[in-house]
Amino acid sequence: MKNKVLTVLCILFGLMMINSGLNKFFNYMPMPEMSEEMMQIMGGFMTIKWIFPLVAIVEIIGGVLIAIPKKRALGAIVILPVMIGICVHHLVHDIAGVAIALILLAINIWAIVASWDKYKPIIEN
């Protein structure tokens, strides 16, 4: 039962990451109203022209991998740095969005813990 719940959550998590990554390229979802501080942060990200495409590609690849049960362990590790960045961003700059970010991080960590046996050969040597 736990495995089925994790599979469903990872598929939904993967779809959210894929959607977020594709939105960075195609801008099909409207941006929420931002504070002055958020406008400055977004302006800083825009001056670093490669950061959004890089994050988008990692979100898409990680989302696809975590949604495929046999590739979940790799996808969970690929998407982890992005999820940590999202959580830290919301904790520091936009506390209103922290709940969903923490839920997604918890799903990511659950996927890592559930796949721990696949990481052991890397860690042991």
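Refer to the structure above for everything that follows.
Not measured: the values here are computed from a predicted model.

1. What about the packing of helix α3 (residues 51-67) against helix α4 (residues 72-93)?
Then, in step 1: For the pair α3 and α4, interaxial distance at closest approach is 8 Å and the crossing angle is 140 degrees. The angle between α3 and α4 falls in the class oblique. In this structure, α3 crosses over α4, and the sense of that crossing is left-handed. In this structure, α3 uses Val55, Val58, Glu59, Gly62, Gly63, Leu65 and Ile66 to contact α4, whose residues at the interface are Arg72, Leu74, Gly75, Ala76, Val78, Ile79, Val82 and Ile86.
Then, in step 2: Along the lines of polarity and charge, the residues of the contact of α3 with α4 split into 10 nonpolar, 3 polar and 2 charged.

2. Quick word on the pattern of salt bridges
Then, in step 1: Scanning all chains against the criterion turns up 1 salt bridge.
Then, in step 2: Lys24 is paired through a salt bridge with Glu59; the nearest N and O atoms lie 3.1 Å apart. Remark: Glu59 occurs in helix α3 and Lys24 occurs in helix α1 (residues 2-26); sequence separation between them is 35 residues.

Conventions adopted
- Residues numbered from 1 in each chain as written.
- Predicted model: local features only at pLDDT ≥ 70, side-chain atom pairs only at ≥ 80, totals over all residues.
- Heavy atoms only, no water.
- Axes fitted to C-alpha atoms, helices over the stretch in contact; angles between N-to-C directions.
- Helix = DSSP H or I, 4+ residues; strand = E, 2+ residues; numbered from the N terminus.
- Parallel < 35°, antiparallel > 145°, perpendicular 65-115°, else oblique.
- Left-handed = near helix turned anticlockwise from the far one by under 90°.
- Contact = heavy atoms within 4.5 Å.
- Nonpolar A, V, L, I, M, F, W, Y, C, P; charged D, E, K, R; others polar.
- Salt bridge = Lys/Arg side-chain N within 4 Å of Asp/Glu carboxyl O.

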